[in-house]
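The lines below spell out each chain.
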Amino acid sequence: MTAQLTLVSHLLCPYVQRAAIALLEKDVAFERVVIDLAQKPNWFVKISPLGKVPLLRVPQADGKEAVLFESNVICEYLEETQPGPRLHPEDPLARAEHRAWMEFGSAILADLWGYETTRDAEVFEQKRQALVAKFARVEAALGDGPYFAGTRFSLVDAVFAPIFRYFDVFDQISDSHIFDATPKVRAWRKALAERPSVRHAVVPEYPQHLRAFLQKHEAHLLTLAGRA
């Protein structure tokens, strides 16, 4: 494919980061267009059926443009059409298992949303406990690492890397103790943080943007800063 792809993005969206990591891993040239979801541009509303990011704008040979939405769909399309390293296993069963763990990553993000936005201490603790339980399941699924499938980076890694990135900021505010009993998850998190595609999937100012988001939501998490 000779025409450049365009990834319509938001500065904090973990689903955008999945697609960006996949593009970077495959060394595919692409343009990023960042929008404000609080003030969606008219052109975005017209082409986004769900009003969400990411979108992948794909130029066609006839001069028209296809628009893909939903991060996992975008990642699967990139896997099927773009050169570079394979990010899914070749074995059908292993590939299906990876897709299932990608969905599990989305379930973690659902709890994480409540964890980071709630103002209520009780809800916060409920979400923290839910995250502890989910990462315990991830711990049981991990092998020797450094990545989910061993030495080979996969789309499961692309899904979980943005999840762990949240905690790089959260841990500076207050230790959640979410990963205390999951040494394999901690090692995986560290390996992903060092991956160039993961580092470059967000702007350098990501931590500041995330803190501003927490302040906007008056998150309970911020009240824990400085506590023992």
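All of these numbers come straight from a predicted model, not from anything done at the bench.

Calculation rules
Residues numbered from 1 in each chain as written. Predicted model: local features only at pLDDT ≥ 70, side-chain atom pairs only at ≥ 80, totals over all residues. Heavy atoms only, no water. Salt bridge = Lys/Arg side-chain N within 4 Å of Asp/Glu carboxyl O. Buried < 20%, exposed > 50% of the residue type's maximum accessible area, 1.4 Å probe, protein only. Axes fitted to C-alpha atoms, helices over the stretch in contact; angles between N-to-C directions. Helix = DSSP H or I, 4+ residues; strand = E, 2+ residues; numbered from the N terminus. Parallel < 35°, antiparallel > 145°, perpendicular 65-115°, else oblique. Left-handed = near helix turned anticlockwise from the far one by under 90°. Contact = heavy atoms within 4.5 Å. Nonpolar A, V, L, I, M, F, W, Y, C, P; charged D, E, K, R; others polar. Pairing = 2+ DSSP bridges. Polar contact = N/O pair within 3.5 Å; in protein donor to acceptor, adjacent residues only side chain to side chain. Right-handed = clockwise from strand over helix to strand, strands pointing away. Arc of directions from axis to C-beta.

A.B. asks: What exactly am I supposed to notice about the pattern of salt bridges here?
C.D. replies: Working definition: two side chains of opposite charge can pair if their charged atoms are close together. This model, assessed by the stated rule, comprises 12 salt bridges. Residue Glu194 pairs with Lys190 through a salt bridge whose shortest N-O separation is 2.8 Å. Judged by its relative accessible area of 52%, Lys190 is exposed. Taken together, the salt bridges that share partners define one network made up of Lys26, Glu79 and Arg86.

A.B. asks: Any chance you could explain the packing of helix H6 (residues 155-173) against helix H9 (residues 206-216) here in plain terms?
C.D. replies: Two measures define how a pair of helices packs: the angle their axes make with one another and the distance between the axes. The contact between H6 and H9 brings their axes to 10 Å, and the two run at 65°. Overall, the two elements H6 and H9 adopt an arrangement that is roughly perpendicular. For the element pair H6 and H9, the recorded crossing hand is right-handed. On H9, the residues that touch Arg165, Tyr166, Val169, Phe170, Gln172 and Ile173 of H6 are Tyr206, Pro207, Leu210, Arg211 and Leu214. Its residues placed into classes, the contact of H6 with H9 shows eight nonpolar, one polar and two charged.

A.B. asks: In this structure, what is going on with the pairing of strand S3 (residues 55-59)? I would like to understand it.
C.D. replies: Each regular strand displays side chains that alternate between the two surfaces of the sheet. With three bridges joining them, strand S1 (residues 5-9) and S3 adopt antiparallel strand pairing. Paired with Val8 across the bridge in S3 is Leu55. Remark: five residues form the turn of the hairpin made by S3 and strand S4 (residues 65-69), two consecutive strands paired antiparallel; Gly63 in that turn has positive phi of roughly 90°.

A.B. asks: What am I meant to see in the side chain of Asn72 here?
C.D. replies: Tracing the backbone through its elements, the reader meets Asn72 in helix H3 (residues 71-81). Looking at Asn72, its side chain comes within polar contact range of the side chain of Arg18, at 2.9 Å. The residues contacting Asn72, other than those within four sequence positions of it, are Arg18, Met102, Glu103 and Val159.

A.B. asks: Where do I start with the pairing of S1 in this structure?
C.D. replies: With five of five residues buried, S1 lies mostly within the body of the structure. With burial as the criterion, each face of S1 is covered, one bearing Leu5, Leu7 and Ser9 and the other bearing Thr6 and Val8. Two elements, S1 and strand S2 (residues 30-34), share five bridges in a ladder whose sense is parallel. By the bridge assignment for S2, Val8 is matched with Val33. Crossover handedness for the path S1 to helix H1 (residues 14-25) to S2: right-handed.

A.B. asks: Teacher, can you tell me more about H9 here?
C.D. replies: For an α-helix the count is 3.6 residues per turn, leaving residues at separations of three or four pointing the same way. All buried positions along H9 are accounted for by Tyr206, Leu210, Phe213 and Leu214. Seen from one end, H9 has its buried residues packed into an arc of 100°, which puts them on one side. Facing away from the buried side of H9 by over 90 degrees, the exposed positions are Gln215 and Lys216. In the core, the buried residues of H9 are packed alongside H1, helix H4 (92-117), H6 and helix H10 (220-223). One or two residues past the end of H9 sits Glu218, with phi positive at roughly 50°.

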